[in-house]
Amino acid sequence: MAVAMRNVSRTYGDPANPIHALRDVSVDIRRREFTAIMGPSGSGKSTMMNVMAGLDEATSGQIWLGRNPIVGIGDTARTILRRTNIGFIFQSFNLVPTLTADENIRLPFVLAGRRPTAEEDAWIAHLVTSLGIRERLGHLPSELSGGQQQRVAIVRALAGRPTIILADEPTGALDTRTSREVLTLLTTAAREYGQGIAMVTHDPVAASYADRILVLADGRIVGEYRGLDPRQIADLLINLQGAAA
Ligand SMILES: Nc1ncnc2c1ncn2[C@@H]1O[C@H](COP(=O)(O)OP(=O)(O)OP(=O)(O)O)[C@@H](O)[C@H]1O
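Cut-off values and rules
- Numbering of residues starts from 1 in each chain and follows the order in which that chain's sequence is written.
- Per-residue local features of the predicted model are confined to residues with pLDDT of at least 70, and side-chain atom pairs are confined, for both listing and counting, to 80 or more; whole-chain, interface and lining totals are unaffected and use all residues.
- Computation of side-chain values: all heavy atoms of the structure, hydrogens and water removed.
- Each Phe, Tyr or Trp ring, with Trp reduced to its six-membered ring, pairs with another whose centre is within 6.5 Å; inter-plane angles below 30 degrees give stacked pairs, above 60 give edge-to-face pairs, and intermediate values give tilted ones.
- Working definition: with a 1.4 Å probe on protein chains only, accessible area under 20% of the residue-type maximum means buried, over 50% means exposed, and in between means partly exposed.
- Segments assigned H or I by DSSP are reported as helices when at least four residues long, segments assigned E as strands when at least two residues long, and all are numbered from the N terminus.
- Sitting over a ring, as applied to charges here, requires NZ of Lys or CZ of Arg to be within 6 Å of the ring centre and within 35 degrees of the ring normal.
- Confidence of the prediction at every residue is given by pLDDT, a number between 0 and 100.
- Residues grouped as a nonpolar core are buried Ala, Val, Leu, Ile, Met, Phe, Trp, Tyr and Cys residues, joined through side-chain atoms within 4.5 Å.
- Note on contacts: a residue pair qualifies if any of its non-hydrogen atoms lie within 4.5 Å across the two residues.
- Buriedness for pockets is judged along seven lines, at least five of which must meet protein on both sides within 12 Å for an open set on the 1 Å grid over protein atoms alone, while cavities are sets there where a 1.4 Å probe fits but cannot get out, and lining residues have an atom within 4 Å of a point.
- Grid points are joined across faces, edges and corners, and a volume is the space filled by probe spheres set on the points.
- All amino acids are sorted into three groups, where Ala, Val, Leu, Ile, Met, Phe, Trp, Tyr, Cys and Pro are nonpolar, Asp, Glu, Lys and Arg are charged, and the leftover types, Gly among them, are polar.
- Counted as salt bridges are all cases of a side-chain nitrogen of Lys or Arg within 4 Å of a carboxyl oxygen of Asp or Glu.
- Lines are fitted to the C-alpha atoms to define the axes, a helix being fitted only along its stretch in contact, and any angle between axes, read from their N-to-C directions, falls within 0 to 180 degrees.
- Convention used here: angles under 35 degrees read as roughly parallel, angles over 145 as roughly antiparallel, angles from 65 to 115 as roughly perpendicular, and any remaining angle as oblique.
- In this scheme the crossing of two helices becomes right-handed for a clockwise turn of the near helix relative to the far one and left-handed for an anticlockwise turn of less than a right angle.

Colleague: Now, about the packing of aromatic side chains: what can you tell me, with residues and values included?
Modeller: What the rule picks out here adds up to two aromatic pairs. Arranged with centres 5.0 Å apart and planes meeting at 75°, the rings of F88 and F90 form a pair that is edge-to-face. Taking relative accessible area as the criterion, F90 reaches 6% and is therefore assigned buried. Geometrically, the ring pair formed by W123 and Y193 is edge-to-face, given 4.6 Å between the ring centres and 65° between the ring planes. Pair noted here: W123 is in helix 4 (residues 118-130) and Y193 is in helix 6 (residues 176-193), with a separation of 70 residues, a long-range link. Judged by its relative accessible area of 3%, W123 falls in the buried class. A cation sits over an aromatic face here: R161 above Y193, 3.8 Å from the ring centre.

This is how it looks when you write it as structure tokens:
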């Protein structure tokens, strides 16, 4: 198991007027599996990712990253677990502005105090070529377009083959061709390297690359689907919004 959540709730706001962002959610993100997380705006998708990553505290329930519990373990222990187990493709996890693209990509290895193995170097070279940023590696983030920065962040997240990759709208800033490249790389990461992948997306085409789709509504998981094409996924979301209205 990459991540296991059991009876996790996250409540915001004051107790007299609580906002239930997650309500009693139990879910597994498995290794070798690419999971898409969908649902209307405000349904709890980002909260679920943040809580899963230990970036936000669950109000109740338990969460394991691999075999390690991450609730109630203290910030330092959580940071170390996160660093060694999770690759983030989040808009908020920006690149370090003073490091070049290549240095940003290699930062997880520096933080872990080791050099990439020959195999990891070959994987990084493959990622860089697939995403078309080879010519930009010596540049600082400020010298790259938004889409190029996003691709550097994607290479950084995939480079060390962490147990789990958490991606929040990873193709949001990308053109169609690059989006397909990214989704194919995520599929490869799950199939060939056994990583668990959780990706939040509003895009039915992006979600169709996943092995399974979890649908959230009002802080709960209301559906789990496999084998849907983009058209069927779009219909599912439209029906969900119709039901909520
Ligand atoms: N820090 C916070 N303080 C108060 N309320 C919050 C906070 N973060 C999220 N919420 C609320 O929790 C609910 C779930 O938000 P969340 O961001 O997880 O939804 P989402 O499904 O990711 O939405 P979107 O698709 O619009 O990004 C919303 O009602 C939101 O307003």
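Back to the write-up after that little detour.
Colleague: Explain the confidence of the model for the chain to me, and be specific about the residues and the numbers.
Modeller: Chain-level pLDDT for the chain is 91 on average; 98% of the residues reach the 70-or-more range. No element of the chain has a lower mean pLDDT than helix 8 (residues 230-244), which averages 86, and none a higher one than strand 3 (residues 34-38), which averages 97.

Colleague: Just give me the short version of the nonpolar core, but keep the residues and values in it.
Modeller: Counting 43 residues, the largest nonpolar core has F34, I105, V155, L158, L186 and M199 as the members making the most contacts within it. It is helix 5 (residues 146-159) that contributes the most residues to this core, seven residues altogether. With residues near it in sequence (within four places) discarded, L158 still touches W123, L127, I165, L185, L186 and A189. Counting residues in each nonpolar core, the second largest holds 28 residues, with A2, I37, L214 and L216 among its members.

Colleague: An account of empty space enclosed by the protein is requested, with residue identities and associated values reported.
Modeller: Here the structure, examined in full by the defined rule, presents one cavity of 30 Å³ or more. If you add up the space inside the largest cavity, you get close to 30 Å³. Per-class residue counts for the lining of the largest cavity are five nonpolar, one polar and three charged.

Colleague: Please provide a residue-by-residue account of the pattern of salt bridges, values included.
Modeller: Counted under the stated rule, the structure contains 15 salt bridges. Two residues, R6 and D28, come together in a salt bridge whose shortest N-O distance is 2.9 Å. Pair noted here: R6 is in strand 1 (residues 3-12) and D28 is in strand 2 (residues 19-29), with a separation of 22 residues, a long-range link. E224 is the salt-bridge partner of R226, the closest N and O atoms lying 3.9 Å from each other. It is possible to trace a salt-bridge network through shared partners that takes in R30, E33, R212, E224 and R226.

Colleague: For the packing of helix 5 against helix 6, give the residues involved together with the corresponding values.
Modeller: Put simply, helix 5 and helix 6 touch, their axes get as near as 12 Å, and they point 5° apart. The angle between helix 5 and helix 6 falls in the class roughly parallel. For the pair helix 5 and helix 6, the contacting residues are R151, I154 and L158 in the first and T178, V182, L185, L186 and A189 in the second. Class assignment of the residues belonging to the contact of helix 5 with helix 6 gives a composition of six nonpolar, one polar and one charged.

Colleague: An account of the packing of helix 3 (residues 101-111) against helix 5 is requested, with residue identities and associated values reported.
Modeller: Viewed as axis vectors pointing N to C, helix 3 and helix 5 meet at an angle of 25°, and their least axial separation amounts to 8 Å. Here helix 5 runs roughly parallel to helix 3, going by the angle between their axes. The crossing of helix 3 and helix 5 is right-handed. Taken together, the residues of helix 5 that come into contact with helix 3 (itself represented by A101, N104, I105, P108 and F109) are V152, V155, R156 and A159. For the contact of helix 3 with helix 5, a count of residues per class yields seven nonpolar, one polar and one charged.

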